[in-house]
Amino acid sequence: MSAQNAVVENVPKGVYVGGQWREASGGASFAVEDPGTGKRLCDVADGQAEDAKEALAAAVAAQQEWAATPPRERGEILRRAWQLMTERVEDLAMLMTLEMGKSLAESKAEVTYAAEFFRWFSEEAVRIEGRYAQNPAGGSRLLTMKQPVGPCLLITPWNFPLAMGTRKIGPAIAAGCTMIVKPAQLTPLSMLQLTDLLAEAGLPPGVLNVVPSSSAGKTVGPLMSDPRLRKVSFTGSTPVGQALMAQAAENLLRVSMELGGNAPFLVFSDADLDAAVDGAVVAKMRNNGESCVAANRFHVAANVAEEFARKLADRLGSMTLGHGAEEGTQVGPLIDGDQRDKVAELVDDAVAKGAKVATGGSAVDGDGYFFAPTVLTDVPKKARILREEVFGPVAPVTTFGSEEEALALANGTEFGLVAYVFTQDLGRALRVAEGLETGMVGLNTGLVSNAAAPFGGVKASGFGREGGVEGIEEYLSTKYVAVSMS
Ligand code: NAP
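Undergrad: Just checking my understanding: could you explain the nonpolar core for this structure?
TA: Burial of nonpolar side chains together is a common tendency in soluble globular proteins. Core analysis: the largest hydrophobic core is formed by 107 residues, its most contacted members being M85, I169, M179, F265, F298, F308 and L312. Domain assignment of the residues forming this core places at least three in each of domain 1 (3-259 + 461-481) and domain 2 (263-450). Beyond its immediate stretch of four places on either side in the chain, I169 contacts F118, L154, M179, V181, M191, L194, L198 and L208. In terms of nonpolar packing, the next biggest core, distinct from the first, is built from 25 residues, A55, F234, M257 and L259 among them.

Have a look at this one:
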């Protein structure tokens, strides 16, 4: 058996409820595909509403005891899970590449990034603190304590199959919450493998329950209205996030929303242009461009735009496309045919409206869902690609005159996840960083993701923060006790 077949073979393929793997109710299953070949990899249990309800029952049953487990114990489980992920990075990366498409180097980087959330939150588990204060009026005391929110529903997207899960599971475990995870239909295998790894690290039955499904709404919908569920944390598209918010309102659930992005990448005339091109390659091409923090549009000072676009086109045009598991591949396939068609549609729309293709510009024929790394110049304001999330390896370049215009262009979107700014002028850097309507800013860097930093957006990109000292707060409630001294 090849190494690739072996990693797929080893994945548990059921629903995971109360510490047991089992078939989905009715025995249903769905196929998982390799986007690099368009061929089926394996079948996975297709969790139904009944399975989700049983998963919630298991999470509810485990909640009290889990909340009472010493924080150090919860932290050490996370630490062991970090260790196991680190030891098994090669196999986890291969599995991720097979189901999601990105190159092995990128998958390894994601496994490491995902594992970091476990290490970070293993350290946060033992720092959950309260306050003790005198009543300003005297006489009594004010005591506050932080307690786990309770059973959580965690819903993750396909683009980062492990990291989008660990940055929810890590703080939930650290805080003492139990959970039901619904991984993306297109990439459930990494999460199923991680589930086994967490059990091996000592996570007690019922704390983590996992329900893969091909009909997300029908499967998790009933949980959203169940009063025993206390929180939903969602990463995915803005329309689905809005629908879940509406459902959460009925049940007054705590909500964290990590939604879509439309990141501007600003290059000022005083920028170090080579550093800006390096940053652009990372911000655009990480994850094949299928990232919520991918640079979506490049606004460049008019007097350096031509040079920037030429250098960026040289870099993107020389990247090696291929199956993610092949040696030397830098850019893998897009996740499926729909995604490739959408990217092609946005490029065609821009070109029809007057944009010029500096490199790439079309899908690549053959097996798998490949799209050539693309740079577009002279992109007109009315092009859809400047307003919509591309989720592919396409860099549209436009120009600006003044700092005010750059800021107005950057903020002219309903989204507000991240923005990238390249300038060597400290005053400008701080002015622009303050003026950007985003949750995050990359200042002279194309990479913001870091388990120790608060990741999240504003406006239609959602709210709530994952990672950093803020991350665990999403899973804690504050209780206040008024203490009489008499
Ligand atoms: P999506 O279609 O919104 O799906 C995300 C998850 O929600 C999947 O597990 C999906 O299940 C599930 N889902 C879909 N409809 C649902 C419903 N009615 N009820 C409950 N769950 C439902 O998003 P995607 O295409 O997977 O991911 C891409 C989007 O995620 C992009 O917009 C990207 O910007 C965003 N994203 C944001 C962040 C961030 O941190 N802000 C990070 C990564 C990605 P199925 O797989 O079965 O459809």
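Undergrad: Just to check I follow, could you spell out the domain arrangement of the protein chain for this structure?
TA: The parts lose accessible area when they come together, and the size of an interface is often stated as this lost area. For the protein chain, the assigned domains are domain 1 (3-259 + 461-481) and domain 2 (263-450). A C-alpha centroid distance of 30 Å is found between domain 1 and domain 2. Between domain 1 and domain 2, the residue contacts involve 28 residues of the former and 28 residues of the latter. Here domain 1 packs against domain 2, burying approximately 2,200 Å² in sum over the two surfaces, 55% of which is carbon and sulfur. Linking domain 1 to domain 2 there are 0 salt bridges.

Undergrad: Hey, could you run me through the pairing of strand β17 (residues 418-422) in this one?
TA: Successive side chains on a regular strand alternate, one facing one side of the sheet and the next facing the other. Of all 5 residues in β17, 5 are buried; the element is thus mostly enclosed. Side chains of β17 alternate between two faces, with V418, Y420 and F422 and A419 and V421 buried alike. With 3 bridges joining them, strand β12 (residues 263-267) and β17 adopt parallel strand pairing. If you follow F265 over to β17, its bridge partner there is Y420. Relative to strand β18 (residues 440-443), β17 runs parallel, the two sharing 4 bridges.

Undergrad: In this structure, what is going on with the site of the ligand? I would like to understand it.
TA: Taken together, 30 residues surround the ligand, and among them T156, R167, S237, L259 and E389 come closest. Between the ligand and W158 there is a distance of 3.1 Å, counted from an oxygen atom to a side-chain nitrogen or oxygen. L259 has a polar backbone atom sitting 2.8 Å from a nitrogen atom of the ligand. Computed on the free molecule, the ligand has an accessible area of 900 Å², of which 85% lies beneath the protein chains in the complex. Judged by the fraction of its atoms near the pocket grid, the ligand is located in the largest pocket. Counting residues per element, the ones that place at least two in the shell around the ligand are α6 (163-175), α8 (216-224), β10 (231-235) and α9 (238-251). When residues in the shell around the ligand are grouped by element, the largest group, 3 residues, is from α8.

Undergrad: Honestly, the side chain of H323 in this entry has me stumped. Any pointers?
TA: Of note, H323 is situated in the loop between α11 (302-317) and α12 (337-352). On the accessibility criterion, H323 (11% relative accessible area) is buried. A polar contact is formed between the side chain of H323 and the backbone nitrogen of A325, at a distance of 3.0 Å. The residues contacting H323, other than those within four sequence positions of it, are D34, G36, T37, L98, T329 and F370.

Undergrad: What should I look at first to understand the environment of Y480 in this one?
TA: Structurally, the position occupied by Y480 is in strand β20 (residues 476-484). Y480 gets classed as exposed once you look at its relative accessible area, which sits at 51%. The spatial distance from the C-alpha of Y480 to the C-alpha of L143 is 5.7 Å, given a sequence separation of 337 residues. Discounting residues that sit within four places of it in the chain, Y480 has contacts with L142, L143 and T144.

Reading the values: rules and limits
Residues numbered from 1 in each chain as written. Predicted model: local features only at pLDDT ≥ 70, side-chain atom pairs only at ≥ 80, totals over all residues. Heavy atoms only, no water. Core = buried A, V, L, I, M, F, W, Y, C linked by side-chain atoms within 4.5 Å. Buried < 20%, exposed > 50% of the residue type's maximum accessible area, 1.4 Å probe, protein only. Domains from an automatic or database assignment. Contact = heavy atoms within 4.5 Å. Buried area = accessible area lost by both parts, 1.4 Å probe. Salt bridge = Lys/Arg side-chain N within 4 Å of Asp/Glu carboxyl O. Helix = DSSP H or I, 4+ residues; strand = E, 2+ residues; numbered from the N terminus. Pairing = 2+ DSSP bridges. Near = heavy atom within 4 Å. Polar contact = N/O pair within 3.5 Å; in protein donor to acceptor, adjacent residues only side chain to side chain. Areas by Shrake-Rupley, 256 points an atom, 1.4 Å probe, with all protein chains shown as cover. 1 Å grid on protein atoms, 1.4 Å probe; cavity = no way out; pocket = protein on both sides within 12 Å on 5 of 7 lines; lining within 4 Å. Sits in = over half its atoms within 2 Å of the grid points.

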